[in-house]
Amino acid sequence: MLTKYKIVFLGDQGVGKTSLITRFMYDTFDAHYAATIGIDFLSKTMYLDDKTVRLQLWDTAGQERFRSLIPSYIRDSNVAIVVYDTTNKESFQSVAKWCEDVKAERGANVIICLVGNKSDLVDKRLISTADGENTAKKVGAKVFIETSTKNGYNVKNLFKKIAKLLPDLNQDDGEDANDGAIETIDIRTEPTENAEGGCQC
Amino acid sequence: MQGSVGFGGAIASSLEGDREGLAGSAKPVDGAASARVATIKNGDVRNGDSRDSEFSNVNLGSVSVVSDEPPSGRKIGAGHSREPSESTYSFLDFYTSNGSPPREDESKREEPVQEEPFLVVSKRGEEPDDARLGSTKAIPKRTESLMSTRTSRNSAERIRSNIESDLKSSSASHLPSVKNTGQLKRTSFLTSDRDRYGFKKTSNHISESKYNAWWKEYSVYVVRRKMKWEKFMNKSGLSGHSSGASFKAPSRFPPKSDDLKRFVRKGIPAEWRGNAWFYFAKGPEKLKENKGKYDRLVEETLNLVNENTEAIEKDLHRTFPDNIYFTNKTSVNQETGLVEESESPLIQSLRRVLYCFSQHNPAIGYCQSMNFIVGLLLIFMEEEKAFWMLVIITERLLPGIHDINLEGVSVHQGVLLTCIKQYLPQVWTVINSTIKDKQNTDILLDLPPLSFCTTSWFMSIFIGVLPIESTLRVWDCLFYEDTKTLFRISLAIFKILEPSLISAAQTAKSRHRHSSRSSIYSNDSDDADMVTAELFQLIQNTPKTLLDANSLMETCFKKYNGFGHVSQDEINNCKKYVANKRQRYHEMIQKRTSAFGSDVDRRALSEEERRRLLAESMGLYADKKVGLRASNWNGRLSGRVKRIQSRLS
């Protein structure tokens, strides 16, 4: 049985959340991705040295007004990746707000990662690495990294770092719960809770 | 790198084509300078690994130059002989028979019919320079003069008319030749990577072979429907002239009737859509009331910079990156050798419409997803009409959906859940199993996470949710039949999803139970999470595969187990009910937070307070007997609505 982890991507409009996910998932890049409306979901299995994990990636819309929709998604996520655009000051200033949202829902029970994207745009850079690092400390991010989804820089690293930090959710029953082929298969397979339905009447 | 030509060439020739009845007019290719010839190698198109080359290959509708051959060299059209290894075509070829021979269909291939060449060449100097604007200007910074705005409005309009003439030549206007070369025409489309609207045919969810298999059938249907529409219009005395290619897109349509409704549900001819949508949505009235308003707004917003415009700028190129009309062109400047990018005229139109709207309705300003709505409108109608359509959509059809707090989205989700509970009880059971704290959750107030999956169904009116042809069909019905359409279609999609949702929920749960039997942490809440992710993926991805608009409509409107009976009244009343309930709830929270200080929000309330609040809210506005708890809420919506109605009257 794979351990599943929920990772939510937050950050202003157009900072590259979808792009980051696409680079990670398919190792491809397009100059433009259609704007994300609401929330998109993808999942990927990651094979690590000592474990295999299933990552559930939740991509969100960046525009301010969508923030009212997002909280319930943050509520039970293990990791929040807050993305900003190194060439855009506002997106960097919003980092604090996004982190507050996360903490309001999860308190300290979440790994916050701060990602400065578009590092390839050297000429347009407005946020220095040092600034990024400082903010990361301030908001209590466990990971800070600068990426370029355009040339793939540091994207794998980001997820490797995250994977290392993931809590071991299965610690209670240890390895022997894995797949347990000897265990009896639960035949009480859901009468799908018709009890509370009764909707047909 | 392919040398490319601006829209100019394409526009010039297409305009000329319009005047001359397009496909028929053969003109001597005298001015080779302005004659742009499409010479596209098969491989180029398919392998287009950079978007640049893809774009320049498929020049907008008619023509482009490839620099690896002398421009004066090859022409498409009459008597043009093809080397077997190479196919030469343009967008128009998808409809006229001069296109490349279908690869997939060699057996049925007929000899290319000697038709008159469609390639129409504008005489040099006949077209004003502005038509070439796109190719010569770098991306305009936001300081546009009124003059250049007008020019770009023109060029966008021309592109649109170009698209329309493409679409037109795709169907009944070429009937006589369809009989002869129909097979060839329809299948010639199969060799392109674009559909007739300029979108990429394939996606992560639709393979090329799947698309082509569908299109082979569907294109026949499209031609047949167009013929029937023309007959129908004639019968209604609204066409005047329907002879051959000169059947113009009608600007008026017959009064509403069951017949017309049937016709609309079977699809409005693509090239009439702009007019039909505008007409059915009562656009002409709106336009008449507001003469000159749009032009004034354009002037006002020329150099506007604010939060909205900044958000708009970020989304312009993220609207339809997979559509050639919404992709900028890059070209190499012959003199400087530098790569220049020219902004697509439709993107410029998109900018103006969105700027104007944000000015016109500051309460909404700009909301992501409006870019998709306007973008799709612009493929079918000129920008002033698109603007008024957006006004109509946001005011009348989807009120509140794009508001600053997106409350309308939640209301619509609540209505959809209500409908699902009422009409698809099994789907409801599945959704209900994802709700964690059933006893204390009022689904209309705390929407289940799955609801966020359907956010874009309403916000962008199925754009990007369904494949384009299906989306357009939904739009046909929406503008003719009003917003009940959105709920009917949503229900139809959930009906299609029903079996997979049920089995996914079961396997997810049993797998989970099995693996964590011994775990003390295994509980309802874990179950719910597990199921949510699986279901979310299904709800998100399955609609993207619903390529065949006809079968979607069939599911929606079939007599038994269809959703054609869901009435607008029912939807309106339910919307009112949900909106009212949510508003009262918010008011209560506000009262509470003002007592505890502004920082306290609903989520910060203690469990006890939450529970009390919920109980209060029940007492306040739920029909007590019905008690809208997720766990025991009986979904006899129609009955409830009837009661409310009778109470009102």
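- Going by an unreviewed UniProt entry, chain B carries the name Rab-GAP TBC domain-containing protein and comes from Kuraishia capsulata CBS 1993.

- For chain A, an unreviewed UniProt entry supplies the name GTP-binding protein ryh1 and the organism Kuraishia capsulata CBS 1993.
- Turning to chain A, the UniProt record has this under Subcellular location (unreviewed entry): "Endomembrane system".

1. Brief notes about the overall build of chain B
Next, step 1: Broken down by element type, chain B carries 25 helices and two strands.
Next, step 2: Looking at the 649 residues of chain B, the share that counts as buried comes to 61%.
Next, step 3: Look at the contacts in chain B between residues 6 or more apart in sequence, and 77% of them connect residues 24 or more apart.
Next, step 4: Carbon and sulfur atoms provide 50% of the accessible area of chain B, an area that totals close to 25,600 Å².

2. What about the overall build of chain A?
Next, step 1: Broken down by element type, chain A carries six helices and six strands.
Next, step 2: Its helices and strands in sequence order give chain A the pattern β-α-β-β-α-β-α-α-β-α-β-α, from N to C terminus.
Next, step 3: Expressed as a percentage of its 201 residues, the buried residues of chain A come to 54%.
Next, step 4: The long-range fraction of contacts in chain A, counting pairs at least 24 apart against all pairs at least 6 apart in sequence, stands at 72%.
Next, step 5: As presented, chain A carries roughly 9,500 Å² of accessible surface, and 50% of it is formed by carbon and sulfur atoms.

3. Regarding the pattern of salt bridges
Residues and elements named next belong to chain B.
Next, step 1: Tallied over the full model, the rule gives 28 salt bridges over all chains.
Next, step 2: Two residues, Arg352 and Glu383, come together in a salt bridge whose shortest N-O distance is 2.9 Å. With Arg352 in helix 13 (residues 345-360) and Glu383 in helix 15 (residues 383-397), this pair connects stretches of sequence that are 31 residues apart. Glu383 shares its class with Arg352; the two are buried.

4. Things to note about the UniProt feature "domain: Rab-GAP TBC" (unreviewed entry) in chain B
Next, step 1: UniProt tags residues 267-482 of chain B as "domain: Rab-GAP TBC" (unreviewed entry).
Next, step 2: Each end of residues 267-482 of chain B is marked by a C-alpha atom, and these two atoms are 16 Å apart; helix forms 55% of the span and strand 4%.

5. Quick notes on the environment of Ile443 of chain B
Residues and elements named next belong to chain B.
Next, step 1: Its location among the elements puts Ile443 in the loop between helix 17 (425-432) and helix 18 (455-459).
Next, step 2: With a relative accessible area of 0%, Ile443 lands in the buried category.
Next, step 3: Between the C-alpha atoms of Ile443 and Leu238, which are 205 residues apart in sequence, the distance is 49 Å.

6. Regarding the domain arrangement of chain B
All names here are of chain B.
Next, step 1: Taken domain by domain, chain B comprises domain 1 (146-174 + 186-238 + 247-397) and domain 2 (407-515 + 523-646).
Next, step 2: At the interface, 36 residues of domain 1 touch 30 residues of domain 2.
Next, step 3: Counting each side, the surface lost to burial between domain 1 and domain 2 is near 2,900 Å², with a carbon and sulfur contribution of 68%.
Next, step 4: Contact with domain 2 buries area across many residues of domain 1, yet His205, Arg265 and Leu397 alone supply 25% of it, more than any other trio.
Next, step 5: For the interface between domain 1 and domain 2, the tally reads 14 residue pairs in polar contact (both at pLDDT 80 or more).
Next, step 6: At the level of secondary structure, the elements contributing two or more residues to the side of domain 1 that touches domain 2 comprise helix 7 (208-235), helix 8 (258-265), helix 9 (273-280), helix 14 (370-380) and helix 15.

7. Some details on helix 15 of chain B
Next, step 1: Of all 15 residues that make up helix 15 of chain B, twelve are buried, and the element is covered over most of its length.
Next, step 2: Buried within helix 15 of chain B we find Glu383, Glu384, Ala386, Phe387, Trp388, Met389, Leu390, Val391, Ile392, Ile393, Thr394 and Leu397 of chain B.

8. Comments concerning the packing of helix 11 (residues 293-300) of chain B against helix 15 of chain B
The angle between the axes and the distance between the axes are what describe a pair of packed helices.
Residues and elements named next belong to chain B.
Next, step 1: With their axes 10 Å apart at the nearest point, helix 11 and helix 15 run at an angle of 95° to one another. With respect to each other, helix 11 and helix 15 are oriented roughly perpendicular. Across the interface between the two elements, Lys293, Tyr294 and Leu297 from helix 11 touch Glu383, Glu384, Phe387 and Trp388 from helix 15.
Next, step 2: Of the residues belonging to the contact of helix 11 with helix 15, the class tally is four nonpolar, no polar and three charged.

9. Describing the sheet that holds strand 2 (residues 39-47) of chain A
Backbone-to-backbone hydrogen bonds join strands into a sheet, with any given pair of strands oriented parallel or antiparallel.
All names here are of chain A.
Next, step 1: Strand order across the open sheet formed by six strands is 2-3-1-4-5-6, with mixed pairing between neighbours. The two strands at the open ends of the sheet, each matched to only one other strand, are strand 2 and strand 6 (143-146). For this sheet the average axis-to-axis angle between neighbouring strands, irrespective of direction, equals 20°.
Next, step 2: Note: strand 5 (residues 111-117) against strand 6, four bridges, orientation parallel.

10. Details of the nonpolar core
Next, step 1: Counting 160 residues, the largest nonpolar core has Trp277, Leu376, Phe479 and Phe494 of chain B as the members making the most contacts within it.
Next, step 2: Per-element tally for this core: the top contributor is helix 20 (residues 484-515) of chain B, with 13 residues.
Next, step 3: The two domains that each donate at least three residues to this core are domain 1 (146-174 + 186-238 + 247-397) and domain 2 (407-515 + 523-646) of chain B.
Next, step 4: With residues up to four places along the chain from it excluded, the contact list for Phe494 of chain B reads Leu416, Ile420, Leu424, Val427, Thr454, Trp457, Leu501 and Ile539 of chain B.
Next, step 5: One finds Ile111, Val155, Leu158 and Phe159 of chain A within the second-largest nonpolar core, a separate group that totals 26 residues.

11. Points about the confidence of the model for chain A
Next, step 1: Taken over all residues, the pLDDT of chain A has a mean of 83, while the share at 70 or more is 83%.
Next, step 2: Contacts of residues 171-201 of chain A to residues separated by more than four positions or lying in other chains number 36 contacts, the stretch itself having pLDDT below 50.

12. Details of the pairing of strand 1 (residues 3-11) of chain A
All names here are of chain A.
Next, step 1: A large share of strand 1 lies buried, amounting to nine of its nine residues.
Next, step 2: Across the two faces of strand 1 the burial is the same, with Thr3, Tyr5, Ile7, Phe9 and Gly11 and Lys4, Lys6, Val8 and Leu10 all buried.
Next, step 3: Summarising the sheet, strand 1 and strand 4 (residues 79-85) pair through five bridges and their orientation is parallel. By the bridge assignment for strand 4, Val8 is matched with Ala80.

13. Concerning the environment of Val531 of chain B
Residues and elements named next belong to chain B.
Next, step 1: Within the element layout of this structure, Val531 appears in helix 21 (residues 524-541).
Next, step 2: Classification of Val531 by relative accessible area gives buried; the value is 0%.
Next, step 3: Taking the C-alpha atoms as reference points, Val531 and Ala508, 23 residues apart in sequence, are found 5.8 Å from one another.
Next, step 4: The contacts of Val531, once residues within four sequence positions are left out, are Ser433, Thr434, Ala505, Ala508 and Lys509.

14. So, the packing of aromatic side chains
Residue and element names in this part refer to chain B.
Next, step 1: If you walk through the whole model with that rule in mind, you get 33 aromatic pairs over all chains.
Next, step 2: On the numbers, 5.8 Å between centres and 50° between planes, the contact of Phe253 with Tyr279 is tilted. Taken together, the positions of Phe253 in the loop between helix 7 and helix 8 and Tyr279 in helix 9 put the pair 26 residues apart, joining distant regions of the chain.
Next, step 3: Classification of Tyr279 by relative accessible area gives partly exposed; the value is 27%.
Next, step 4: Put simply, the rings of Trp229, Phe232, Phe253, Phe263, Trp272, Tyr279, Phe280 and Tyr480 touch in pairs and so form one group of aromatic residues.
Next, step 5: The ring of Tyr480 is capped by Lys256, whose NZ or CZ atom sits 4.8 Å from the centre of that ring.

Quick notes on the rules
- Residues numbered from 1 in each chain as written.
- Chains lettered and ligands numbered in written order.
- Predicted model: local features only at pLDDT ≥ 70, side-chain atom pairs only at ≥ 80, totals over all residues.
- Heavy atoms only, no water.
- UniProt positions renumbered as here; feature names shortened; annotations may be inferred.
- Helix = DSSP H or I, 4+ residues; strand = E, 2+ residues; numbered from the N terminus.
- Buried < 20%, exposed > 50% of the residue type's maximum accessible area, 1.4 Å probe, protein only.
- Contact = heavy atoms within 4.5 Å.
- Areas by Shrake-Rupley, 256 points an atom, 1.4 Å probe, with all protein chains shown as cover.
- Salt bridge = Lys/Arg side-chain N within 4 Å of Asp/Glu carboxyl O.
- Domains from an automatic or database assignment.
- Buried area = accessible area lost by both parts, 1.4 Å probe.
- Polar contact = N/O pair within 3.5 Å; in protein donor to acceptor, adjacent residues only side chain to side chain.
- Axes fitted to C-alpha atoms, helices over the stretch in contact; angles between N-to-C directions.
- Parallel < 35°, antiparallel > 145°, perpendicular 65-115°, else oblique.
- Nonpolar A, V, L, I, M, F, W, Y, C, P; charged D, E, K, R; others polar.
- Pairing = 2+ DSSP bridges.
- Core = buried A, V, L, I, M, F, W, Y, C linked by side-chain atoms within 4.5 Å.
- pLDDT = per-residue confidence, 0-100.
- Phe/Tyr/Trp six-rings, centres within 6.5 Å; stacked < 30°, edge-to-face > 60°.
- Lys NZ or Arg CZ within 6 Å of the ring centre and 35° of its normal.

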